[in-house]
Amino acid sequence: MPANHFNTHCPDWAEALLNGFSQIFFQRHPLCGLLCLLAILLTAPVLFAGALLGGVAGLLTAQRRNYAKADRQAGLFSYNGVLLGLLLSLYFPWSPLLPPLILAAGGLSAMLTQQWLQHVYRSRAIPAYTSPFVAISWLLLAFAEPSAPAATIELNTANVLAAELRGFGQVMFLDHPLAGALIASGLLMADRRAFCWALFASAIGLGSSLLHHETSAALAGLGSYNAVLAALAFSAQRQHPWLPLLGIVLALLVTPLFAALGLATLTAPFILACWLIRFGLQMLGKASLAHEPCAHGDNHPRLR
């Protein structure tokens, strides 16, 4: 079923919520979001309620505070809340305090996103990506119990192929190959170019981790998901088709930095890699403008 046909039969609130799930992978596509939701429900049902609560909290906060409807419908105020709901459900035991905590975190992420969006619209600043999720998570994880060590996965052909799919799922803390397959199917439906870049990035991340003898992390998909996100962030760039590859390489290079600082990796390497690339592009653009003989600092070219 085409996405536009799906949208005509989908209430606004449901479309906005599903877009929040798909925006984790840089898509505005309710069917892709539905497959992401199914990936959680089928492979990690204990995380399902938290993901929904976080996404709803972000959406309701945006509605109550009258943020731009176009941004709400695009899912821009929900995806950080979804990730926070997943993380809190994973690292904290369910108790009467957990749902209010997820709601508060999801609402706060929406407010931080709005502040960043306003800054972006005014000054063409660098996008926030998942930085509200990472910043809030670093604060909350200080109160979490240490997680149990991951189970060892045997290195064989089947597990290597499964790891390619786990690179998709680990973006949402899902380590089951079925979750990765559902997410990959959603990406394929939403944008074939994005799907191809994500598949390539997952393979590069897997190979890099294996070369560095990080076998357990590689086969669990933990060495791939930041590369997947970095590739997706630039997959629509047709003017500079090499940007996704640069994003993949940078995301893999900066990943050890966060472990060295004692911080949870989360999606921080992807954010830093994308910020570095966008900052570099801005600097190159300003430099080329300054070297044009008839260019003026206040005469910016109009975007198409």
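Rules used in this analysis
- Residues numbered from 1 in each chain as written.
- Predicted model: local features only at pLDDT ≥ 70, side-chain atom pairs only at ≥ 80, totals over all residues.
- Heavy atoms only, no water.
- Phe/Tyr/Trp six-rings, centres within 6.5 Å; stacked < 30°, edge-to-face > 60°.
- Helix = DSSP H or I, 4+ residues; strand = E, 2+ residues; numbered from the N terminus.
- Buried < 20%, exposed > 50% of the residue type's maximum accessible area, 1.4 Å probe, protein only.
- Expected span 1.5 Å × (residues − 1).
- Bend = angle between axes of the 7 residues up to and from the residue.
- UniProt positions renumbered as here; feature names shortened; annotations may be inferred.
- Salt bridge = Lys/Arg side-chain N within 4 Å of Asp/Glu carboxyl O.
- pLDDT = per-residue confidence, 0-100.
- Axes fitted to C-alpha atoms, helices over the stretch in contact; angles between N-to-C directions.
- Left-handed = near helix turned anticlockwise from the far one by under 90°.
- Contact = heavy atoms within 4.5 Å.
- Nonpolar A, V, L, I, M, F, W, Y, C, P; charged D, E, K, R; others polar.
- Parallel < 35°, antiparallel > 145°, perpendicular 65-115°, else oblique.
- Polar contact = N/O pair within 3.5 Å; in protein donor to acceptor, adjacent residues only side chain to side chain.
- Core = buried A, V, L, I, M, F, W, Y, C linked by side-chain atoms within 4.5 Å.
- Patch = residues over 30% accessible without salt bridge, like charges linked within 9 Å, V, L, I, M, F, W, Y side chains within 5 Å.
- Areas by Shrake-Rupley, 256 points an atom, 1.4 Å probe, with all protein chains shown as cover.

1. Considering the packing of aromatic side chains
Scanning the model with the defined rule gives 8 aromatic pairs in all. Between the aromatic rings of Y67 and F77, the centroid separation amounts to 5.1 Å while the plane-to-plane angle is 40 degrees, which identifies the pairing as tilted. Placement of the pair is Y67 in the loop between α4 (48–64) and α5 (69–73) and F77 in the loop between α5 and α6 (79–91), with a sequence separation of 10 residues. F77 sits in the buried class, given a relative accessible area of 1%. An aromatic cluster of at least three residues, connected via ring pairs, comprises F26, Y129 and F270.

2. With respect to helix α14 (residues 243–260)
Across its 18 residues, α14 extends 27 Å between first and last C-alpha, which sits within 8% of the 26 Å expected from 1.5 Å per residue. Remark: the principal bend of α14, roughly 25 degrees, maps to L253, with a proline, P256, within the next four residues. Looking one or two residues past α14, G262 carries a phi angle of roughly 75 degrees, positive in sign.

3. Some words on the UniProt feature "transmembrane region" (unreviewed entry) in the protein chain
Here the UniProt feature "transmembrane region" (unreviewed entry) sits at residues 37–62, 74–92, 129–148, 194–211, 217–236 and 248–278. As a span, residues 74–92 carries 68% helix and 0% strand, and end to end its C-alpha atoms are 29 Å apart. In this annotation, residues 194–211 is assigned 100% helix and 0% strand; the end-to-end C-alpha distance for the span is 26 Å.

4. Digging into the pattern of salt bridges
On inspection of all chains with the given rule, the structure shows 1 salt bridge. A salt bridge links D12 to K69; its shortest N-O distance comes to 3.4 Å. Taken together, the positions of D12 in helix α2 (residues 12–23) and K69 in helix α5 put the pair 57 residues apart, joining distant regions of the chain. For K69, a relative accessible area of 47% translates into the label partly exposed.

5. A look at the confidence of the model for the protein chain
Per-chain confidence: the protein chain averages 90 in pLDDT, with 90% of residues scoring 70 or above. Confidence scores differ between elements of the protein chain, with helix α1 (residues 3–8) showing the lowest mean pLDDT of 57 and helix α10 (residues 177–190) the highest of 98.

6. So, the packing of α4 against α6
Between α4 and α6, the shortest axis-to-axis distance is 7 Å and the interhelical angle comes to 145 degrees. Note that α4 runs across α6; the crossing there is right-handed. Two secondary-structure elements touch here, α4 through G50, A51, G54 and G55 and α6 through G81, V82, G85, L86 and S89. Residue composition of the contact of α4 with α6, by class: 3 nonpolar, 6 polar and no charged.

7. Overview of the packing of helix α13 (residues 225–234) against α14
Relative orientation of the contacting elements α13 and α14 amounts to 150 degrees, with a least axis distance of 8 Å. Between α13 and α14, the angle falls in the class roughly antiparallel. Like other packed secondary-structure pairs, α13 and α14 cross with a definite hand, here right-handed. Only L243, P244, G247, I248, A251 and L252 of α14 make contact with α13, whose side of the interface consists of N226, A227, A230, A231 and F234.

8. Points about helix α11 (residues 192–211)
Helix length check: α11, at 20 residues, gives a terminal C-alpha distance of 29 Å against a target of 28 Å (1.5 Å per residue), a fit within 8%. Every buried residue of α11 is listed here: A194, F195, W197, A198, A201, S202, G205, L206, S208 and S209. Tucked into the core, α11 has its buried residues touching α9 (157–169), α10, α12 (215–219), α13 and α14. Its side-chain oxygen placed 3.0 Å from the backbone nitrogen of R193, D191 serves as the N-cap of α11. Looking one or two residues beyond α11, the residue adopting positive phi is H213, at roughly 60 degrees.

9. Things to note about the nonpolar core
Burial of nonpolar side chains together is a common tendency in soluble globular proteins. Core analysis: the largest hydrophobic core is formed by 69 residues, its most contacted members being F25, I40, L86 and M172. By residue number, the principal contributor to this core is α13, which donates 9 residues. The contacts of L86, once residues within four sequence positions are left out, are I40, L47, G50, A51, M172 and F173. Of all hydrophobic cores here, the second largest spans 7 residues; its members include A62, A74, L76 and L117.

10. Quick word on a nonpolar patch on the surface
Taken together, the side chains of F200, I204, L245, V249 and L253 define a hydrophobic patch exposed on the protein surface, amounting to about 420 Å² of accessible area. Only α11 and α14 provide two or more residues apiece to the nonpolar patch. The greatest single-element share of the nonpolar patch, amounting to 3 residues, is contributed by α14. Relative to the helices and strands, V249 is located in helix α14. According to the relative accessible area criterion, V249 is partly exposed, its value standing at 38%.

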